Amino acid sequence: MDDASVRTALLVARTAESRGCLRPGDWPDVAVSLLLEGAEDPAIAELAGLSRQANGWDTEPLVAAACERHEILVPNCDESTILLARLMADDIRARPTVVTAPMTRLLAGLAPPDFESDLASRCFTAEEYLDCGCTEVDLSFEAELQSMPTLGLSAPVTQALARPLRSTLPTTQPAYGHHEH
Ligand SMILES: [Zn+2]
């Protein structure tokens, strides 16, 4: 695993954490995936040894050390939404979901409470009509989201990073019918 890929993975993980899409207990899995790909970083090695019950007191000093070494700065709300969208597009291309419009649903969850990201806000609005027949759903938007450029990370690293966010998707297709809007 080259340094640029380690940097991309850390940037995505740190960004996901800042948006509430990765919890302290998710870091060990991410770190293990990086180690298995050959990342060499003492803080990442130590993170990999933590349990899934790890809390922020355990993970933060190690994550901060790794991020400092790799000069990671979490981008603003718009850019961080796009970064997470690219991650989830990679994950969904590799492992399809059972629900329609998974990208729209995932990114909608990033919108509240601040609505600072145009992309997340657009998904939030679109999601409300996905399972309702009252209006035509624009599937070209979902297709556009699913074809976002790849981050180029390996499948195991992508999967480890995407798992927490993906777990927010419904596990079965929601019933179709009219809702109050
Ligand atoms: Zn409706």
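Right, let's walk through the structure included here. Predicted model, so just to flag it, every value in this text is computed and none were measured. (Residues numbered from 1 in each chain as written. Predicted model: local features only at pLDDT ≥ 70, side-chain atom pairs only at ≥ 80, totals over all residues. Heavy atoms only, no water.)

## Thoughts on the coordination of the zinc ion
1) Next: The zinc ion binds to the protein through Cys 132 (SG), Cys 134 (SG) and His 181 (NE2), with metal-donor distances spanning 2.0 to 2.3 Å.
2) Next: The sequence pattern formed by the donor residues of the zinc ion is C-x1-C-x46-H. Of the two residues, Cys 134 is situated in the loop between helix H7 (118-127) and helix H8 (139-146) and His 181 in the segment after helix H9 (155-166); the sequence distance between them amounts to 47 residues.
3) Next: With relative accessibility at 42%, the residue His 181 sits in the partly exposed group. (Donors = N, O, S within 2.8 Å, 3.2 Å for Na, K, Ca; no water. Helix = DSSP H or I, 4+ residues; strand = E, 2+ residues; numbered from the N terminus. Buried < 20%, exposed > 50% of the residue type's maximum accessible area, 1.4 Å probe, protein only.)

## Looking at the packing of helix H5 (residues 77-94) against H9
1) Next: Where H5 contacts H9, the axes come no closer than 9 Å and their chain directions differ by 100°. As summarised for this structure, H5 and H9 are arranged roughly perpendicular, according to the angle between their axes. Where H5 abuts H9, its residues Leu 87, Met 88, Asp 90, Asp 91 and Ile 92 lie against Thr 158, Gln 159, Leu 161, Ala 162, Leu 165 and Arg 166.
2) Next: Of the residues contributing to the contact of H5 with H9, the split by class is six nonpolar, two polar and three charged. (Axes fitted to C-alpha atoms, helices over the stretch in contact; angles between N-to-C directions. Parallel < 35°, antiparallel > 145°, perpendicular 65-115°, else oblique. Contact = heavy atoms within 4.5 Å. Nonpolar A, V, L, I, M, F, W, Y, C, P; charged D, E, K, R; others polar.)

## Here's the deal with the pattern of salt bridges
1) Next: All told, the structure shown has nine salt bridges when counted by the stated rule.
2) Next: Note that Arg 52 and Asp 29 form a salt bridge whose closest N and O atoms lie 3.1 Å from each other. In this pair, Arg 52 sits in the loop between helix H3 (42-48) and helix H4 (56-69) while Asp 29 sits in helix H2 (residues 27-36), placing the two residues 23 residues apart along the sequence.
3) Next: Here Asp 41 makes a salt bridge to Arg 69, at a shortest N to O gap of 2.8 Å. A residue pair is termed long-range when its members are at least 10 positions apart, and Asp 41 in the loop between H2 and H3 and Arg 69 in helix H4 qualify at 28 residues.
4) Next: Residue classification places Asp 41 among the buried residues on the basis of a relative accessible area of 5%.
5) Next: Owing to a relative accessible area of 48%, Arg 69 belongs among the partly exposed residues under this scheme.
6) Next: When salt bridges with common partners are traced through the structure, they connect Arg 14, Glu 17 and Glu 60 into a single cluster. (Salt bridge = Lys/Arg side-chain N within 4 Å of Asp/Glu carboxyl O.)

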